Structures are given as structure tokens and as C-alpha cells.
Amino acid sequence: MPTTTSGFFLQCASRGTLELVLPAADTPFGVEHHRREEASGPWRHVATFASGLGPVEAVSLIQSNFGDPGHLEAVARLGDRLAAFWCAPSSEPSWSEPRFFAEGAAGDPALIQGGFGGKGNFELVVPHARGGIAHYHRDNDTAELGWRGPLIFGEGLGRFEAVAMIQRVAGAPHGPHAPGDLEVVARVGDRLVMFRRSPGSGAAWHGPEEVVSGVRGAPALVRSTIGGPGTLELFSPLARVGLARWSRDDGARFRGPTVFATDLGRCDAVSVIESWPLGRIELAVRAEGRIVHATRDGAVWSQRAIVGNASPSPADVPSPATLPPPATTTNRPPAATTSRPPAATTNRPPAATTSRPPAATTSRPPPSTSSPPPAPLPTGASPRLRAGPHRAGFRRIGALSLSADACYPDTWPFQGALYRCPARSAALLYYPASADGEEAPISSGGPFPVIAIAHERRLATSAATAGSPAGLAQDYRQLAGVMAHLARWGFVVVAPDLSWLTPDDAPLRRAAVLRDALTHLRAGSRGPLLADFARVGLLGHGLGAQAALALALDAACPFDVRALALLAPAGAPERALSIDALAPRPALVVRGTADPIAAAVPAALYDRARAPKHLVTLPGANHFGYTTSLGLAEPLDGRAGLSRREQQAIAMGYLAAFFNGYLRDARGDLDALSGKASLEGLEAREIPVSAEVPDGATGS
């Protein structure tokens, strides 16, 4: 039976032997092939191939249905090139010469033989050097056995480092062996996301679906019969030490993690099989320059052997923000305002200046639509923003009670559609934890400051283009990446679902739902132990910024709102609330130069606000690039000059500095928001920052 699970480790279907390939660590380089003939016997080196071609970065191995018994097939990455090899699984295997078929690869590839086509095509995915994931397939029904592709998907997330792939069995009504979806788990930074592709010629890849975070290295997938039919198991090296396992049934979410193998230290890659006849999970783990063979019998893990030496990982795992710079593009600048623009600074320590009182302000006419000179583009250095001291746990809230002023009295007509409020709403909660994942244990040191998030309004699903990420119907997950980052910095973050509200720019109902989410959290048995409701911050994105501002200005709000951050605030500038009444509480406004949706509002709000206030302008940032699970391609959004991951990472850094400064009195963190210092990791970036601070000094 051909291999439908990717990895560098397998059990030969005809011989029962365990086969393993790994890049050779020393000259003349190449790929080492190791084998274990008997369950209790030793591993032995049986061949080395691809010698003399230079260092091999990564390799993936399958057994195909070519030949009798089936051939072993491998795809290796040498630099940015991919080469295919094969051999008969004889006692002394002789591998073929390389067949190079692709360039532009980066990271660890994943190869399987799938069920598409008469013979079963080879399917291969690999991170692409310019971002996204490249999908190739080899048509095994043709005489030339030619590779086709690449089809690039997931490019909106930037640069991936590793992938794992598996093919499901469709089952009824298509038959017990009909091919099902291709499923890919891919690592970008320290998180894993999933993509799917349905059977059929020309089918598109769908995703990303957020899976887990806090990982590194190359993950592995396997369909296990141990946990029941259809159980999918996911294994990955953890960001610190050891491995973790998650599992899920079809249609459910991943459960876990179960952490193990911490004695192996920092792990770089894992490959997994379900062996026969014992039906147990077996792993090959690349850790600390060696390959470790481990097994699971029931719930017990045991280390079986150490196999040779493995090439060390070429680099430590990058942070979620450590991505290559995108190709330089022309950014469409936002519309300007006729109000006096704030003094802009680049994100570098300025020369000493004399403090001066802010100039007196007068009322100004509404903003115009003339275009200012383009803001400077990034210099090309990748952001390396420091993560916080905690991990990010999360919890799904499915029974959020809504107050009367949040609800419509009955159905509510708007632009030809009828809206109604749900009996119960939903929300997503992130919190500081001792491990990443759902319902992870809470970190010590609480209660923690709490931040409530109002997300951008829903746009019609019909407005999404083929390049848009999945998740349009789960709006409250839009800023999950930002939420996780803030949780790692010691904040409890809650985002209620606002998608059932009409997509106009009336903020009061949205503000009421935001208040209801905080009330729900405080009323829970663990709420007061988790969150410090005397230190509350609000964050709003797009139209959600108006909701956050409305709640901050609500004199009847039962929570002590101490800081307000507005991320690409949108809406009609003339309908914006009186932000000047927010003082003396601080405000942060973040805007992008490639954002046509929030073109004039950010500068207008900053101009009307009173000190303390901060304005950060992100060159090349568009409107939806901050979101994890929602994005719209042109012409609904501007063409970004940053990758989505870069845009998120830079915004995360400034948001964490702002809330640390004003909810924890970490005043040193405010230097980067006042033109006095660089944000750590962004020293080489030119990011205009303006501020008016309480002592009268203006950042310049």
C-alpha cells in the first residue's frame, strides 16, 4: 500500500522493516539510509546517496506502488532545489541518480503518494522561498512521470519553515478506499496552521485554520486506528524542549497537548508511523544532533534506540515575527487631512531636544482627500520582537449573555437584510498560561490586567476573493494572533463576537457587547482570580475602534478603563465620538500607509485627542493585514508592502509596549511610543512615531 503520510521514517509494507533517511552531517554529504530489520534488532546504515551534490537540507521518504515490492521514493532539498530519488527495498539498496524538478524551495518538504489518478499521483508540498507553500504533483499515469507545479497557497502568511501532509480516506458514500482531502499542517514562526484540498483536478487549497502555537521545527501527522476510526494525531517539537501530541476526530478540534520526551532537549523534527502487527505509534525524532527512535505502547513512551548522527538544524526557530522582507512594492498612501499633522519621527533614538509645551489646538475642518508624500518604506530588516515571559492559553466562551441595550428589540432591517440578536453569543479568551493550548494551566502571578477587543465589522462573504483566508464567519477570532501575543505578556484578553450586528458604523450596541463580555468574565468562578478589573484596557480594530472608544467614554461603564488602543480606526470622521473627553487616560492610534479603508480617520482622531496620546504609522501596512483569520484581497484592501506576519508582529510590539506602559506602569516601555528609543527588534526600521505626553513634551 503506498504511503499517504509524509515524513522521513516509514515501515516497509512488504518487508516489515523500518526505513529512515536523514541528511548526512559531514562531507561528502548526501543522504544516509538506515534500516531496522527486526523489532528487537539494531539499526544499521545500508546506503548513502546524493553524495557530492553538496549539503542536503531536508528529505522526505515514502514507499510507492511502483515495482514489486514497492519502491522507496525520496525527495531531498539541496539549497532551494528539489531532487527525486528511488530504489528497490532490497537488502543492500541502490539509489538512483537525482532527478531535479523544482527550484525556489525552502524548509522541510512533505511527500506522499495520494489517491488522485489511476496509479496514484505523488503529492509534494514545501515552503516556498518567496512565501507561502508550493504544491507539486507527479502524474504517475504518464510515461514521462513528469512533475507539475508549483501551485502556491498560503502566501498571505509570509514565509513558512516546515510542512507535514496526509491524505484522508473519503469513505461512504464514495467507497471505502476513495481518496479524501489532502491535509497540510504548516509551521509559520512558532505556530501551526492547517490547509485542506478536496479531490479533483484544479481544486483549490482552503485555509488557514489556526491549530496550535508555541512550537518549533518540523511537525508530523498520522491517521491512528488506536484512538478510533478517523483519529488524526499531530506531533511537533515544542519551542523550548521536548515534544507535544494533539489529537482530534473528524470535524472536531484538536485536543491536547500531551507533553513528553523533554529529556531529549530541544527537538528539530519528528516523523511518525503506526507500525504493524502490534499497532503502536513509533517516532523518529531529530534532537541535539542525533536521531532517536521512540515508541508508544498505550500511554507509555519509551526510547528504543539512537540512530547515527543528524545534521543540526541550520538555525534556531525564528520568532513568529522573524520573516524575510517582502519584495519592494509601491504603496498607495492614505488620504490626508487638512488638520495639522503630528510631528513624525522615525523609530530611532533622536538627538536630544528641548521639551516644549504643545501648541494650542483649535477646531479644524473635516479632513480632505488630498494625498501626502508616501511614508518611508521599511529598510528591509526583519522584525525580531521579543516574546513575553508566559505562554498563551485560550478558552472558548459559548454562552455569553447579552444585555438589553446590546440587543435589537426584534428584527432589525438594514440595507435590505434583517438582523436579529442571538439568544447567547460567543467570545474567545486568551490568558497567561504555563503552556500553550486550550484550557492550559493559568500562570502564577495573577490576577492580570484585562483587555477587551472589538473586532472589525463583517464584510459579506461574497466580497471575499479566492486569495482570502478562511474564517469569515468567525469574526471574533480575527485578532487571535494579537491576543496570544498580549497573553504572553501577562494580559487577559477577551474578544466577543460582534458579527451578528448590522455592518453600519453606529458604535453603541457594539460597545454594549464589549461591556457584556467583561461582565461575563468577572462573574465567572475564576474570573476575579484571573483578571484584575481595576486595570482594564480596550482595543478596537476598524469599526471596532469606534466601539472601544464608545465604551471608554461611557460614564456608566462599571469598569476602570485606563488605556485605549485604536488599530486602523475606520468609519466616517465627522461621526467620530469626542475622543478629547478621554483625557487624562492615554490613547494609541496605529495606522498604515496602504490602508484605503481607514484612510483619514486615524489622523483625525489623533489630532482631536488630548495628551497623553501616541500615533504610530506603519509604512506598507494595509487594513486587514493585522488579522489572523480574516483578510480581503484587492481592490477591497490596499496592496501591502509588508507580509501579513510582519505587519502583525510590528503592531503586536507597539500594542504590548503601550499596555505594559499604562496598565503596569512600565514607563520604560513607552519610550518607543514617544520618539525616545527604538522598539526592541525594530532598530533598523523607519517607523514614524508621534506623541504628546503628560509633561508637555512632544515626541519629535
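Residue indices follow the written sequence of each chain, beginning from 1 at its first position. Local features in a predicted model are, by the rule used here, given only for residues with pLDDT of at least 70; side-chain atom pairs are given and counted only at 80 or more, and totals for whole chains, interfaces and linings are based on all residues. In computing side-chain properties, one takes all heavy atoms of the structure into account and sets aside hydrogens as well as water.

Novice: Is there a simple way to explain unusual backbone geometry in this structure?
Specialist: Geometrically, the link from glycine 149 to proline 150 is a cis peptide bond, its omega value of 10° lying close to zero. Mapped onto the secondary structure, proline 150 falls in strand 12 (residues 147–153). Cis rather than trans, the peptide bond between alanine 583 and proline 584 has omega equal to 10°. The topology assignment puts proline 584 in the loop between strand 33 (561–567) and strand 34 (587–592). Labels follow the DSSP assignment, with helices taken as runs of H or I lasting at least four residues and strands as runs of E lasting at least two, numbered in each case from the N terminus.

Novice: I'm lost on the packing of helix 1 (residues 480–488) against helix 6 (residues 644–663) in this one. Help?
Specialist: Helix packing geometry: the angle between the two helix axes and the distance between the axes. Here an angle of 0 to 180 degrees is reported between the N-to-C directions of two axes, which are lines fitted to C-alpha atoms, with helices fitted over the stretch in contact. Contact geometry for helix 1 and helix 6: axes closest at 10 Å, N-to-C directions at 45°. When the axes of helix 1 and helix 6 are compared, the pair comes out oblique. For the pair helix 1 and helix 6, the crossing hand works out as right-handed. Along its contact with helix 1, which presents Gly481, Val482, His485 and Leu486, the element helix 6 presents Met652, Gly653, Leu655, Ala656 and Phe659. Here the contact of helix 1 with helix 6 is composed, by residue class, of six nonpolar, three polar and no charged. Reported orientations rely on four angle classes, namely roughly parallel under 35 degrees, roughly antiparallel over 145, roughly perpendicular from 65 to 115, and oblique for the rest. The crossing is said to be left-handed when, going from far helix to near helix, the turn is anticlockwise and less than a right angle, and right-handed when the turn is clockwise. Should any heavy atoms of two residues lie within 4.5 Å, those residues are counted as being in contact. Nonpolar residues are Ala, Val, Leu, Ile, Met, Phe, Trp, Tyr, Cys and Pro. Charged residues are Asp, Glu, Lys and Arg, and all others, Gly as well, are polar.

Novice: For this particular structure, what's the right way to read the sheet that holds strand 18 (residues 231–237)?
Specialist: Strand pairing in a sheet relies on backbone hydrogen bonds, with the paired strands running either antiparallel or parallel. Whether two strands pair depends on DSSP finding at least two bridges between them. The four strands lie next to each other as 17-18-19-20, forming an open sheet whose pairing is antiparallel. Strands with a single pairing partner mark the edges of an open sheet, and in this sheet they are strand 17 (220–224) and strand 20 (255–260). Direction aside, neighbouring strands of the sheet carry axes that sit 25° apart on average.

Novice: So what exactly am I meant to see when it comes to the sheet that holds strand 3 (residues 31–36) here?
Specialist: Strand order across the open sheet formed by four strands is 1-2-3-4, with antiparallel pairing between neighbours. Two strands in the sheet have a free side with no partner beyond their single neighbour: strand 1 (9–11) and strand 4 (44–49). Here the strands of the sheet are splayed against their neighbours by 20° on average, with no regard to which way each runs. Two elements, strand 1 and strand 2 (residues 18–23), share three bridges in a ladder whose sense is antiparallel. Note that in strand 2 the partner of glutamine 11 across the bridge is leucine 18.

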